[in-house]
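# Architecture and fold: a report
The primary structure of each chain is shown beneath.
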Amino acid sequence: MSFTDYIKKMLTGQSRSSDSADQSASQTTSQSAEKSGPTLLAIDTASTSLSTAVLINGEVKGELFENMERGQAEHLMSFIAKSLDEAGIGFDAVDGIAVTVGPGAFTGMRIGLATARALGLTRKIPVVGVSSLEAVAYGVSERDQQGRNILVALDSKRNEIFAQAFDGKKRPLSAPECVAPRQALMMAPPGDTLLAGNATPRLLTAAAHAPDAFYDCTAHSLPRAGNVARIAASRWESGENLAPVPMYLRAPDARRIEDQGPQKKK
């Protein structure tokens, strides 16, 4: 089924049966009377996974996650439809869309952002961005963190990693950067630091002889759409969410080749 067909089905409610639609209408009426905060659809395709979720009255529903290095474009709309169906609402009940803007895979970022923008334009609702690094930090549990700083590291598929440090309240301590693992360790302030993200093994190797203590944690190593939605909702009224544009921390490989100039003929 094409992207356009999915949007038409979601807008007309054809993606769900009449019984589900009746049940959804009843739930939507009940929710509008007790509504607390925006109802958000969240999308993450910026890494090597695909995740969608719906946030209703501060509660994450219909969260889906699957490791997926390829095929995100083909599966994203069906994930969205399933998340909405499991949350018991139609697309017309969504107040806004939250999407990860990276850093991450160039193709993945573009898939998520293009889809979010298209859906937002179709419904004329806001589309906001959330950092992939912050989404991972947000997933660190209080039991793991215990007030310690967090250093998030995501794999860039190159020698460098995408990294950013956060304090005990998960507020950014540094800007997101694309750096070597040893440089990333220097982004965290002195003291015990939790490491999160799928590049954590590389940081642990680099930290073997570091003066400070660095610990692994049980947080998910990739962004989850539920956390993306929670972050976006917490900043919804203040308007402090990121713009829905890609966060590029390094030049794409195609650009790097172009920058090298024409190859000399041998």
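Above this text you will find the structure in question.
The structure contained in this document is the topic of the report that follows.

With that out of the way, let us pick up the overall build of the protein. In terms of regular secondary structure, the protein is built from 10 helices and 10 strands. Among the 266 residues that make up the protein, the fraction classed as buried is 47%. A separation threshold of at least 6 residues defines the contact pool for the protein, and within that pool the share at least 24 residues apart is 64%. In the form shown here, the protein has an accessible surface area of approximately 13300 Å², with 49% of it arising from carbon and sulfur atoms.

Working note: regular strand, side chains alternate between the two faces of the sheet. Residues of strand β9 (residues 193-196) alternate between two faces, with T193 and L195 on one and L194 and A196 on the opposite face, all of them buried. Note: strand β6 (residues 149-155) against β9, 4 bridges, orientation parallel. Following the sheet pairing, L151 is matched in β9 by L195. Note: β9 against strand β10 (residues 214-216), 3 bridges, orientation parallel.

Our focus in this paragraph is the pattern of salt bridges. Under the criterion given, the structure shown has 3 salt bridges. One salt bridge in this structure joins R202 and D155, with 3.8 Å as the shortest N-O distance. Within this pair, whereas R202 is found in helix α8 (residues 200-206), its partner D155 is found in strand β6, the two being separated by 47 residues in sequence. A salt bridge links D167 to R171; the shortest N-O distance between them is 2.9 Å. For D167, a relative accessible area of 12% puts it in the buried group. Given a relative accessible area of 47%, R171 falls into the partly exposed group.

Empty space within the largest pocket amounts to approximately 510 Å³. For the largest pocket, the lining is made up of 27 residues, of which S47, T48, A105, F106 and K157 are closest to its centre. Of all the elements in the fold, those that place two or more residues in the lining of the largest pocket are α3 (72-87), α4 (106-123) and β6. Per-element tally for the lining of the largest pocket: the top contributor is α4, with 5 residues. Split by residue class, the lining of the largest pocket holds 10 nonpolar, 9 polar and 8 charged.

Glancing now at unusual backbone geometry. Along the chain, G102 connects to P103 via a cis peptide bond; the corresponding omega equals 5 degrees. Here the phi dihedral of N57 falls at roughly 50 degrees; this positive angle occurs in a residue that is not glycine. Within the element layout of this structure, N57 appears in the loop between β2 (49-56) and β3 (59-67). Within the chain, K170 stands out as a residue other than glycine whose phi angle is a positive 65 degrees. Along the polypeptide, K170 turns up in the loop between β7 (161-166) and β8 (177-179). Take K170: its relative accessible area is 16%, and that puts it in the buried class.

The rules behind the values
- Residues numbered from 1 in each chain as written.
- Predicted model: local features only at pLDDT ≥ 70, side-chain atom pairs only at ≥ 80, totals over all residues.
- Heavy atoms only, no water.
- Helix = DSSP H or I, 4+ residues; strand = E, 2+ residues; numbered from the N terminus.
- Buried < 20%, exposed > 50% of the residue type's maximum accessible area, 1.4 Å probe, protein only.
- Contact = heavy atoms within 4.5 Å.
- Areas by Shrake-Rupley, 256 points an atom, 1.4 Å probe, with all protein chains shown as cover.
- Pairing = 2+ DSSP bridges.
- Salt bridge = Lys/Arg side-chain N within 4 Å of Asp/Glu carboxyl O.
- 1 Å grid on protein atoms, 1.4 Å probe; cavity = no way out; pocket = protein on both sides within 12 Å on 5 of 7 lines; lining within 4 Å.
- Points joined across faces, edges and corners; volume = space filled by probe spheres on them.
- Nonpolar A, V, L, I, M, F, W, Y, C, P; charged D, E, K, R; others polar.

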